[in-house]
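So the chains spell out like this:
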Number of protein chains: 2
Amino acid sequence: MTATPPSLPIARTVESLRATVREWRRQGLGVAFVPTMGALHEGHLTLVAEAKERADRVVASVFVNPTQFAAHEDLGTYPRDEARDATLLTEAGCHLLFAPTVSEIYPEGSSTRIEVDGPSQGLETDFRPHFFGGVALVVAKLLNQVQADVAVFGEKDYQQLLVVRRMAADLDIPTRIVGSPTLRDGHGLALSSRNAYLSEAELAVARQLNGILAEAAAAVSADTPIALAEDTATNALLAAGFRQVDYVAVRRADDLARFKGPVDAPARILAAAWLGKTRLIDNLPV
Amino acid sequence: MTATPPSLPIARTVESLRATVREWRRQGLGVAFVPTMGALHEGHLTLVAEAKERADRVVASVFVNPTQFAAHEDLGTYPRDEARDATLLTEAGCHLLFAPTVSEIYPEGSSTRIEVDGPSQGLETDFRPHFFGGVALVVAKLLNQVQADVAVFGEKDYQQLLVVRRMAADLDIPTRIVGSPTLRDGHGLALSSRNAYLSEAELAVARQLNGILAEAAAAVSADTPIALAEDTATNALLAAGFRQVDYVAVRRADDLARFKGPVDAPARILAAAWLGKTRLIDNLPV
């Protein structure tokens, strides 16, 4: 573990991470964990703030996890700026940054995979079939590495939050999984590291996603049939300038199951759509 | 948690298990864990003895894990006698028995699977394709439930030991996995709960398994080609009265990979063979 300006300790190995957490435990301190892929924005910092509410010490990780990217996806170009991330985390009051190498997380001989059915079925999985397997594996590893009392995940990646919660419950990982509401810019656009890919023109289109989903959610609340509300939103997104809509879907909020009849349980509307080469996702409660 | 004669506490829920372990931790005590499927014999008790050597407190679990049995296997008839198991564990100096129900371990909605490649490939997997997935899942859960410093597994199930070690490393489960040598009867037969299925005549045949494997191991050590030693042992098992031989295989001891040329690393000989409806496995260092 080495100190870098502005003085946020950075653990590079599981061993040094655990040594720090162990010392905190010895002092009777509670520990919260915020896993990230870096390229931090205000949304991530609200997760750190949420973590600080819940524990004495906060560990954030920055690890661009290769197992959740397909070969054609943006692993190579995913934005990376550790110095900036460390500065932001320091300002947010984070106590330790865990920034391991790929070989620290996946040493030679690694051969375990995790598959989570249930909430991982459909939606993102229809378009990124390996995604949640990669997410579940790296999050299981990180949770067991940090051994925090609580880990905070953004609701921005709502399906991911449910998959992580399911996986942690199923593997009896003793860290509580907490979801934190999505932070949006002044125009309602959900903050995302991938927004950095957007041109000015694309950004103007992107800012319509939230409103179109909110209209569809309101329609479903007013008893518009789900399929019709989904189609209307899809058409509105294409008309707004999205190149392609992967899905707009209203699902049960707790497990993402489809409603077989009327909406008789808390619901969530989720969408994924493309602007040029950039794929955006968002979701709202119904 | 309720006490039963002769006074070994039995935890039925993860919550009561964790409460006990937490109290031990508070007292600064080290914890070791011995997972079993019950039907305990002297072999299991050596695992408890090994655990006692390594920690202040020993948790043993008795759970006949349905996810590692195929539909045609002996889940329904697998021997169960909790009262006897509890007596034996008490005499062995165990401090807590964790004996959960199936629904405590797999509540409704459970949907996570674990697959371990590497050491799980071939051998048992060729004949019990779902076995190690079920083992890896339940062991991951149990390890995270108990959160022991060390967990002791028998070398009798050598491939299982390597799969568990691989899984625990890959998921960064902070419990050290220890293998304990196989206990044998006076005739060299590896102790196994499934030996209870054997008739007197079958028992006499079963007792030849160890010697035949030892001869093959000696032959390999004396530079007999692996394939020839494997075939010779297979023929000897069939001649001794085994109904069917699933495999006799000489593999690298650390990962069960095949030798591509001469034996240039520590090796292990492993076998599975049938006597009537009973399938026996055994293994020896080469």
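- Labelled according to an unreviewed UniProt entry, chain A appears under the name Pantothenate synthetase, originating from Brevundimonas variabilis.
- Recorded in UniProt under Subunit (unreviewed entry), the annotation for chain A is "Homodimer."
- UniProt annotates chain A under Sequence similarities (unreviewed entry) with the comment "Belongs to the pantothenate synthetase family."

**Regarding the pattern of salt bridges**
Residues and elements named next belong to chain A.
Consideration 1: With the rule as written, the count across this model stands at 32 salt bridges over all chains.
Consideration 2: A salt bridge links arginine 54 to glutamate 50, with the nearest nitrogen and oxygen atoms 2.8 Å apart. Of this pair, arginine 54 and glutamate 50 both sit in helix H2 (residues 42-54), 4 residues apart, roughly one helical turn.
Consideration 3: Arginine 54 gets classed as partly exposed once you look at its relative accessible area, which sits at 37%.
Consideration 4: Counted as one network, the salt bridges with shared partners bring together Glu124, Asp246 and Arg279.

**Quick notes on the nonpolar core**
Consideration 1: Counting 76 residues, the largest nonpolar core has Val59, Ile114 and Met167 of chain A together with Val59, Ile114 and Met167 of chain B as the members making the most contacts within it.
Consideration 2: Other than its neighbours up to four places away in sequence, methionine 167 of chain A contacts Ile114, Val116, Ala136, Val139, Ala140, Leu143 and Ile173 of chain A together with Thr112 of chain B.

**Remarks on the relation of the copies chain A and chain B**
Consideration 1: The transform that puts chain A on chain B rotates by 180° and translates by 0.0 Å along the axis, for an RMSD of 0.0 Å. Between the two chains, the operation in question is that of a two-fold axis. When C-alpha positions in chain A are compared against the rotation axis, the closest is assigned to isoleucine 114 of chain A, at 2.3 Å.
Consideration 2: Interface residue correspondence from chain A to chain B reaches 100%, placing this contact among same-surface, isologous pairings.

**Brief notes about helix H2 (residues 42-54) of chain B**
Residue and element names in this part refer to chain B.
Consideration 1: Helix length check: H2 (13 residues) gives 19 Å between terminal C-alpha atoms against 18 Å at 1.5 Å per residue, within 8%.
Consideration 2: Within H2, the full set of buried residues consists of Gly43, His44, Leu45, Leu47, Val48 and Ala51.
Consideration 3: On its buried face, H2 is in contact with strand E3 (31-36), strand E4 (57-62), helix H3 (82-91), strand E7 (150-154) and strand E8 (176-180).

**Concerning unusual backbone geometry**
With glycine set apart, most residues show a phi of negative sign, and most peptide bonds adopt trans.
Consideration 1: The backbone of glutamine 147 of chain A sits at a positive phi, close to 55°, despite the residue not being glycine.
Consideration 2: Tracing the chain through its elements places glutamine 147 of chain A in the loop between helix H6 (131-146) and strand E7 (150-154).
Consideration 3: On the basis of relative accessible area, glutamine 147 of chain A is assigned to the partly exposed category, the value being 34%.
Consideration 4: The backbone of aspartate 172 of chain B sits at a positive phi, close to 55°, despite the residue not being glycine.
Consideration 5: When you line up the elements, aspartate 172 of chain B lands in the loop between helix H7 (158-170) and E8.

**Structural notes on the environment of threonine 77 of chain B**
Consideration 1: Within the element layout of this structure, threonine 77 of chain B appears in the loop between E4 and H3.
Consideration 2: Taking the C-alpha atoms as reference, threonine 77 of chain B lies 24 Å from arginine 184 of chain B; in sequence the two are 107 residues apart.

**Considerations on the domain arrangement of chain A**
Residue and element names in this part refer to chain A.
Consideration 1: Under the domain assignment used here, chain A contains domain 1 (8-180) and domain 2 (193-281).
Consideration 2: Distance from the C-alpha centre of domain 1 to the C-alpha centre of domain 2: 26 Å.
Consideration 3: Listed per partner, the contact involves 21 residues of domain 1 and 16 residues of domain 2.
Consideration 4: Buried area between domain 1 and domain 2, summed over both chains or domains, comes out near 1,600 Å², and the portion from carbon and sulfur atoms is 54%.

**Regarding the UniProt feature "active site" (unreviewed entry) in chain A**
All names here are of chain A.
Consideration 1: Annotation from UniProt places "active site" (unreviewed entry) at His44.
Consideration 2: With respect to the helices and strands, the residue histidine 44 is situated in helix H2.
Consideration 3: Apart from the residues within four sequence positions on either side, histidine 44 is in contact with Thr36, Gly38, Ala39 and Ser193.

**Looking at the packing of H6 of chain A against helix H7 (residues 158-170) of chain A**
All names here are of chain A.
Consideration 1: Here H6 crosses H7 at 55°, and the two axes come no closer than 10 Å. In terms of axis orientation, H6 runs oblique to H7. For the crossing formed where H6 meets H7, the hand is right-handed. Taken together, the residues of H7 that come into contact with H6 (itself represented by Phe131, Phe132, Val135, Ala136, Val139, Ala140 and Leu143) are Gln159, Gln160, Val163, Val164, Met167 and Ala168.
Consideration 2: Here the residues of the contact of H6 with H7 are counted per class, giving 11 nonpolar, 2 polar and no charged.

**Structural notes on the interface of chain A and chain B**
Consideration 1: At the junction of the two partners, chain A supplies 28 residues and chain B supplies 28 residues.
Consideration 2: Across the chain A to chain B interface the summed buried area is about 2,200 Å²; carbon plus sulfur atoms make up 42%.
Consideration 3: Scanning the region where chain A abuts chain B turns up 4 salt bridges.
Consideration 4: Counting across the chain A and chain B interface gives 22 residue pairs in polar contact (both at pLDDT 80 or more).
Consideration 5: If you list the elements that add at least two residues to the side of chain A that touches chain B, you get helix H1 (14-26), strand E6 (112-116), H6 and H7 of chain A.
Consideration 6: A per-class count over the side of chain A that touches chain B returns 11 nonpolar, 8 polar and 9 charged.
Consideration 7: Across 5 bridges, the pairing between E6 of chain A and strand E6 (residues 112-116) of chain B is antiparallel. Directly across from glutamate 115 of chain A, in E6 of chain B, lies its bridge partner arginine 113 of chain B.

**Describing the pairing of strand E10 (residues 267-275) of chain A**
Residues and elements named next belong to chain A.
Consideration 1: Of all 9 residues in E10, 8 are buried, a share of seventy percent or more.
Consideration 2: Where strand E9 (residues 244-252) meets E10, 8 bridges bridge the pair, whose relative direction is antiparallel. Bridge assignment links tyrosine 247 to a residue of E10, and that residue is alanine 272.
Consideration 3: Bridging between E10 and strand E11 (residues 278-285) involves 8 bridges; their strand directions are antiparallel. Within E11, the residue paired with arginine 268 across the bridge is proline 285.

Scoring rules and cut-offs
Residues numbered from 1 in each chain as written. Chains lettered and ligands numbered in written order. Predicted model: local features only at pLDDT ≥ 70, side-chain atom pairs only at ≥ 80, totals over all residues. Heavy atoms only, no water. UniProt positions renumbered as here; feature names shortened; annotations may be inferred. Salt bridge = Lys/Arg side-chain N within 4 Å of Asp/Glu carboxyl O. Helix = DSSP H or I, 4+ residues; strand = E, 2+ residues; numbered from the N terminus. Buried < 20%, exposed > 50% of the residue type's maximum accessible area, 1.4 Å probe, protein only. Core = buried A, V, L, I, M, F, W, Y, C linked by side-chain atoms within 4.5 Å. Contact = heavy atoms within 4.5 Å. Least-squares fit on C-alpha atoms with pLDDT ≥ 70 in both. Expected span 1.5 Å × (residues − 1). Domains from an automatic or database assignment. Buried area = accessible area lost by both parts, 1.4 Å probe. Axes fitted to C-alpha atoms, helices over the stretch in contact; angles between N-to-C directions. Parallel < 35°, antiparallel > 145°, perpendicular 65-115°, else oblique. Left-handed = near helix turned anticlockwise from the far one by under 90°. Nonpolar A, V, L, I, M, F, W, Y, C, P; charged D, E, K, R; others polar. Polar contact = N/O pair within 3.5 Å; in protein donor to acceptor, adjacent residues only side chain to side chain. Pairing = 2+ DSSP bridges.

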